[in-house]
Each structure stands twice: as structure tokens, then as C-alpha cells.
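Architecture and fold: a report
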Amino acid sequence: MDGSGLASSGSGETSLRAFLKSSLLGAMALFGSVALPMAADAMTVQPVVLDLSTAGRGMSQVVTVENTFTTPLPVEMRIESLAFDEQGAKGTGKDPGDLLVFPPQALIQPGQTQTFRVQFVGDPGLTESKHYYVTVAQLPVKLPEGQSAIQILYNFQVLVSVAPLGVKPALSVTAAEVGKNDAGKPVPVLTVTNASKAHGYLSHGRLRIVEKDTSGKEVFRKTLPGPEIQQTIGFGLVSSGQTRKITVPLVLPVEGGTIEAQFTPDNQR
């Protein structure tokens, strides 16, 4: 998308992390207009991506958390802003006060669901997109005195993005090359640039990828529609003014040669 767990016993702690796909996010993930659940034995969280506006009804949306435990589930909502580089988004650990989540905490009974309203309360004159993680954090349960146990705590990150009113994203593939995946197989590596002040998603359009060998002969052609992009790459978030590299998990027939790639947003079909 973009969750993490914490297992503790006595004074020792071990952290376990799993992230939403960064080309969502990630994580971002992890991580609006397409609502996918993130599930674990502890809870189900949906959606994992929210797109908010600076005014009107779009200023707020709800996140639903279901307790799939057989015991009550205490959770806390934590907010942090995001910073970007060419690899994607990273949490800053700082809450700038732009989002309000209500309720901030809840105790969810077994088999029950709780809705949390996420609302933008920042600058209505926003000039470029801003992004945040809202983390659904499971809280530890106080054990009876003299009793010890290992508690595994789950965190799920919801990506929240806010764009300026009336501005559309402008994503384009500005470079493409043949790279290698973890198995050493040739795959397309795309450089995607967003020239707009509003964020966009690769999964809100389609990608056409063509490979030619060293003689110029076409040896591969494939068009990925939005749903397939989401399944193979992730949401493919590209923030305002951002350039990022995205590896597409399609094995190419030859290692040499060149790649041509084009992105077409949904509204230009």
C-alpha cells in the first residue's frame, strides 16, 4: 500500500515492519478514490488512500477499522507529514496540525467496526499538494499484576493527500531504460515527472511500454490499464513537481535495446 508490528516481552522489544507499495505509495503504500482493505489477524483497515480537498464536502472522508480479534481492540490515530525523494514517500515523524481525526482513540469490540473521520483543517489557500500518513496504531493492553505475555501490536498507514482546488496533475514519462529486477531479469525502469502543483497517480491512467532490440526491431509491446498498474506497481503516487523512478515488474525479452514508454491519464482517453 504501506503496517508495522511491535512485539515486547519484559524490557526487550522487537520491531517488525511491512510497508504499502511505495509506488503508492507505497506505501505507500502504501497506500482515495480506490478503496482497498489492508488486513491482518488483528484488524482490517479501509480505504488505505484518501484524497481530500481544501474546501467543501471533499474536506473529509472516513476510514473504517474492523476488529477481527476475539478480544477488544484499542487503537490510536497518529498523524505525520511526508517528505519525498525519487524513490517515493517517507514519514517525517512530525504532525503539522493540518489534519483532524475523530475520534482520536477508540476501543473496538470483537467483530465490530469503528469509523474515523479524517478532515483537512489546514490552509484553504494551499498552492501545492501535501501528503500525510494517518497511522492506525494498536495500543498495548495492560496485563494483570504479576502476569507476563508477548503482545504483538499492528500499525497500518493510511495515505492522505490534499491538492489545491481546480488543479489537475500532469504526469509524463520523461525517460525509460532497461534495468534489472532482483532476479537479474531485464525490466523497464521509468522516470516519471509531475509538472503540476497537484499530485497524481499512475493507476489513474494507462502505460504503454515498447521495447526495441539493438537493430531497432520491436520485440515487446504492452499497455497496462489503471487496474493492472495498481496490481503490479501500486497506486503510483507522484507528488507535485516530483520526479521519481519506477521499476515496472514486466520481464522483457532482451537485455539490450531501448525502451519507449508513454502515460495517458484517464481524462485524456
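These figures come from a predicted structure and were not determined experimentally.

Let's talk about the pattern of salt bridges
- For the coordinates displayed, the defined rule picks out 7 salt bridges.
- Lysine 130 is paired through a salt bridge with aspartate 98; the nearest N and O atoms lie 3.8 Å apart. Taken as a pair, lysine 130 in strand E13 (residues 130-138) and aspartate 98 in the loop between strand E9 (88-91) and strand E10 (99-102) lie far apart in primary sequence, 32 residues in all.
- The closest approach of N and O atoms between glutamate 218 and arginine 221, which form a salt bridge, is 2.9 Å.
- Accessibility expressed as a relative area gives 37% for glutamate 218, which makes it partly exposed.

Things to note about the sheet that holds strand E21 (residues 243-247)
- The sheet built from 3 strands is open, its strands ordered E15-E16-E21 with antiparallel pairing. Each edge of the sheet is formed by a strand with only one pairing partner; in this case those strands are strand E15 (171-180) and E21. Across this sheet, the average inter-strand angle for adjacent strands is 25°, counted without regard to direction.
- Judged from the 5 bridges that link them, strand E16 (residues 186-194) and E21 form a sheet pairing that is antiparallel.

Observations concerning the nonpolar core
- If you look at the biggest cluster of nonpolar residues, it comprises 25 residues, and the most contacted ones within it are Leu99, Val118, Val134 and Val160.
- Each residue touching valine 134, except ones within four places of it in the same chain, is listed here: Met77, Arg78, Ile79, Leu99, Val101, Val118, Phe156, Gln157, Val158 and Val160.
- Val173, Leu202, Ile229 and Ala261 belong to the second-largest nonpolar core, a separate cluster that totals 19 residues.

Structural notes on the packing of aromatic side chains
- Going through the model one piece at a time under the given rule, you end up with 1 aromatic pair.
- Centroid distance tyrosine 201 to phenylalanine 235: 6.5 Å. Interplanar angle 65°. Geometry classified as edge-to-face. One end of the pair, tyrosine 201, is in strand E17 (residues 200-201); the other, phenylalanine 235, is in the loop between helix H2 (226-232) and strand E20 (237-238), with 34 residues separating them in the sequence.
- For tyrosine 201, a relative accessible area of 6% translates into the label buried.
- By relative accessible area, which is 4% here, phenylalanine 235 ends up buried.

Describing the side chain of threonine 264
- One can find threonine 264 in strand E22 (residues 258-265).
- Relative accessible area serves as the criterion here: at 15%, threonine 264 is assigned to the buried category.
- Those residues in contact with threonine 264, other than ones at most four positions away along the chain, are Gly205 and Arg206.

What counts as what
Residues numbered from 1 in each chain as written. Predicted model: local features only at pLDDT ≥ 70, side-chain atom pairs only at ≥ 80, totals over all residues. Heavy atoms only, no water. Salt bridge = Lys/Arg side-chain N within 4 Å of Asp/Glu carboxyl O. Helix = DSSP H or I, 4+ residues; strand = E, 2+ residues; numbered from the N terminus. Buried < 20%, exposed > 50% of the residue type's maximum accessible area, 1.4 Å probe, protein only. Pairing = 2+ DSSP bridges. Axes fitted to C-alpha atoms, helices over the stretch in contact; angles between N-to-C directions. Core = buried A, V, L, I, M, F, W, Y, C linked by side-chain atoms within 4.5 Å. Contact = heavy atoms within 4.5 Å. Phe/Tyr/Trp six-rings, centres within 6.5 Å; stacked < 30°, edge-to-face > 60°.

By themselves, these are just geometric observations and shouldn't be taken as functional.
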